[in-house]
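Breakdown of the fold
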Amino acid sequence: MKWHRSGVVVLAALLAAAVASGCAAETGGGGERAPGGPAKPAAGQPGEAAPKAGPARALDTYAEALRKKQAARAVAAKKWGLAKTPLAAPEPPKVKPRITTRKGFEVRDDAGLPPVFTTVPTKEKIVFLTMDDGAEKDPELLRMMTELDIPYSAFLSDYVTNDDYGYFKKMQRRGVVISNHTLNHRYLPGLSYAEQKREICDQQEKILKHYGKRPTLFRPPYGNYNRDTLVVAKSCGITAVPLWSSEAFPDHMEWREWDRDLHPGDIVLTHFRGKEDWKGSMPDMIRQVMKTITDKGYAVAKLEDYV
């Protein structure tokens, strides 16, 4: 009899709980009841997919932005006559790689001097496009590179840019970093320490005056330098000396490496030149170099994101 009475009490309690739960599902507990229909489960409860967390949402947003960017790039590639749509570069690293002087490019007692290199340490299939001097100021290049959204770096010499600083200011406003290629493009190892200082450090001041910031990257003319070059460069704010592993022209590529190929992190050189110097225009050169880069499965990344 005692057991029966206890069982009745427990059963009554369970029934009451079930009724209360059902009411909550219809009228409360975070659910919504549609008129004449069953309640809609609360968000995150069985019956409705939980909303994506912040990182997942951010990843979707980034992927969608990337898709739109590539779609726009495909349209631009067709407009500018590229053989293929340029590939998208990966996100830059949160920590830049440690760069050292390439073997065979050292000078004596070079500890603490800016490293000289032709390739950036990375496993990604990316290369870096750089342009030297500044003689040709083709407005088509500005439009083309902006619409294609291809990053590049400019190493300028004042003697060919001083007739139109504004052209390179437009370039800078579009995200191009302005770097140092000396005042007058002289053969630096043939100059005294004082003469090298004028060529390098005075160009630092010219760039500061016209573009608002002293560069940290410097490329010696012809890729020639000596210890004085690196000591002088360091004295006026230079931290790295990127050379190149290949060079682009409107009708061909020239290679430094024995295998005549691209490698992850390679620096590609070209120049601000036109039909007076080349068999083609700067847009022709871009079509040529981008065909080579894209055909080999590489994307162009921004050098300053890695150096």
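The structure we're discussing is the one just above.
Rules and cut-offs
- Residues numbered from 1 in each chain as written.
- Predicted model: local features only at pLDDT ≥ 70, side-chain atom pairs only at ≥ 80, totals over all residues.
- Heavy atoms only, no water.
- Axes fitted to C-alpha atoms, helices over the stretch in contact; angles between N-to-C directions.
- Helix = DSSP H or I, 4+ residues; strand = E, 2+ residues; numbered from the N terminus.
- Parallel < 35°, antiparallel > 145°, perpendicular 65-115°, else oblique.
- Contact = heavy atoms within 4.5 Å.
- Core = buried A, V, L, I, M, F, W, Y, C linked by side-chain atoms within 4.5 Å.
- Buried < 20%, exposed > 50% of the residue type's maximum accessible area, 1.4 Å probe, protein only.
- Disulfide = S-S within 2.5 Å.
- Salt bridge = Lys/Arg side-chain N within 4 Å of Asp/Glu carboxyl O.
- Expected span 1.5 Å × (residues − 1).
- Arc of directions from axis to C-beta.
- Phe/Tyr/Trp six-rings, centres within 6.5 Å; stacked < 30°, edge-to-face > 60°.
- Polar contact = N/O pair within 3.5 Å; in protein donor to acceptor, adjacent residues only side chain to side chain.

1. Thoughts on the packing of helix α5 (residues 165-173) against helix α6 (residues 193-211)
With their axes 10 Å apart at the nearest point, α5 and α6 run at an angle of 70 degrees to one another. Viewed along their axes, α5 and α6 adopt a mutual orientation that is roughly perpendicular. Contacts between α5 and α6 involve Tyr165, Phe168, Lys169 and Gln172 on the former and, on the latter, Lys206, His210 and Tyr211.

2. Re the nonpolar core
With 40 residues, the main nonpolar core has Met131, Met171, Phe272, Ile286 and Val289 as its most contacted residues. Broken down by element, the residue count for this core peaks at six residues, all from helix α8 (residues 282-295). Once residues within four sequence positions are removed from consideration, Met131 is found in contact with Leu141, Met145, Tyr152, Ser153, Ala154, Phe155, Thr270, Phe272, Met282, Met285 and Ile286. Residues Val107, Val116, Ile126 and Val232 belong to the second largest nonpolar core, which totals 32 residues.

3. So, the state of the cysteines
Applying the stated criterion across every chain yields a total of one disulfide. Covalently, Cys201 is tied to Cys236 through a disulfide, its sulfur atoms 2.3 Å apart. In this structure the cystine formed by Cys201 and Cys236 twists about its S-S bond by roughly -80 degrees; its chirality is therefore left-handed. A residue pair is termed long-range when its members are at least 10 positions apart, and Cys201 in helix α6 and Cys236 in the loop between α7 (227-235) and β7 (241-242) qualify at 35 residues. For the residue pair Cys201 and Cys236, the accessibility class agrees, reading buried in each case.

4. What about unusual backbone geometry?
Trans is the prevailing form of peptide bonds, just as negative phi is the prevailing case for residues other than glycine. Not every positive phi belongs to a glycine, and Asp149 is a case in point at roughly 60 degrees. Relative to the helices and strands, Asp149 is located in the loop between α3 (139-148) and β5 (153-156). Of note, His185 is a non-glycine position whose phi angle comes to about 55 degrees, a positive value. With respect to the element layout, His185 can be found in the loop between β6 (177-180) and α6. We classify His185 as buried; its relative accessible area is 12%.

5. Considering the pattern of salt bridges
All told, the structure shown has 17 salt bridges when counted by the stated rule. Here Lys296 makes a salt bridge to Asp261, at a shortest N to O gap of 3.0 Å. Of the two residues, Lys296 sits in the loop between α8 and β11 (299-301) while Asp261 sits in the loop between β9 (253-255) and β10 (266-271), which places them 35 residues apart along the sequence. Of the residues examined, Lys296 reaches a relative accessible area of 31% and is grouped as partly exposed. Relative accessible area serves as the criterion here: at 27%, Asp261 is assigned to the partly exposed category.

6. Considering α6
One turn of an α-helix holds 3.6 residues; hence residues three or four places apart share an orientation. Between its terminal C-alpha atoms α6 stretches 26 Å, which fits the 27 Å expected from 19 residues at 1.5 Å a residue. When α6 is considered as a whole, its buried residues turn out to be Gln196, Glu199, Ile200, Cys201, Gln203, Gln204, Ile207 and Tyr211. Where the residues of α6 are buried, they touch β5, α4 (158-161), α5, β6 and α7. Where α6 terminates, the next one or two residues include Gly212, which has phi positive at roughly 85 degrees.

7. Re α7
Regarding α7, the residues found buried are Thr229, Leu230, Val232 and Ala233. Buried residues in α7, looked at end-on, bunch into an arc of 165 degrees, giving them a common side. Those residues of α7 that are buried lie in contact with β3 (116-117), α6 and β7.

8. Observations concerning the packing of aromatic side chains
If you walk through the whole model with that rule in mind, you get five aromatic pairs. Taking 6.4 Å as the distance between ring centres and 75 degrees as the angle between the ring planes, the aromatic pair formed by Tyr165 and Tyr211 counts as edge-to-face. Placement of Tyr165 in helix α5 and of Tyr211 in helix α6 is noted, with a sequence separation of 46 residues between them. The exposure classification of Tyr165 matches that of Tyr211, with both residues buried. For the pair Phe249 and Trp278, a centre-to-centre distance of 6.2 Å together with 70 degrees between the ring planes defines the contact as edge-to-face. Placement of the pair is Phe249 in the loop between β8 (246-248) and β9 and Trp278 in the loop between β10 and α8, with a sequence separation of 29 residues. Take Phe249: its relative accessible area is 14%, and that puts it in the buried class.

9. Brief notes about the side chain of Lys137
Secondary-structure assignment places Lys137 in the loop between β4 (126-133) and α3. A polar atom in the side chain of Lys137 sits 3.0 Å from the backbone oxygen of Gly134. Residues within four places of Lys137 in sequence aside, it is in contact with Val160, Thr161, Asp163, Asp164, Tyr167 and Phe168.

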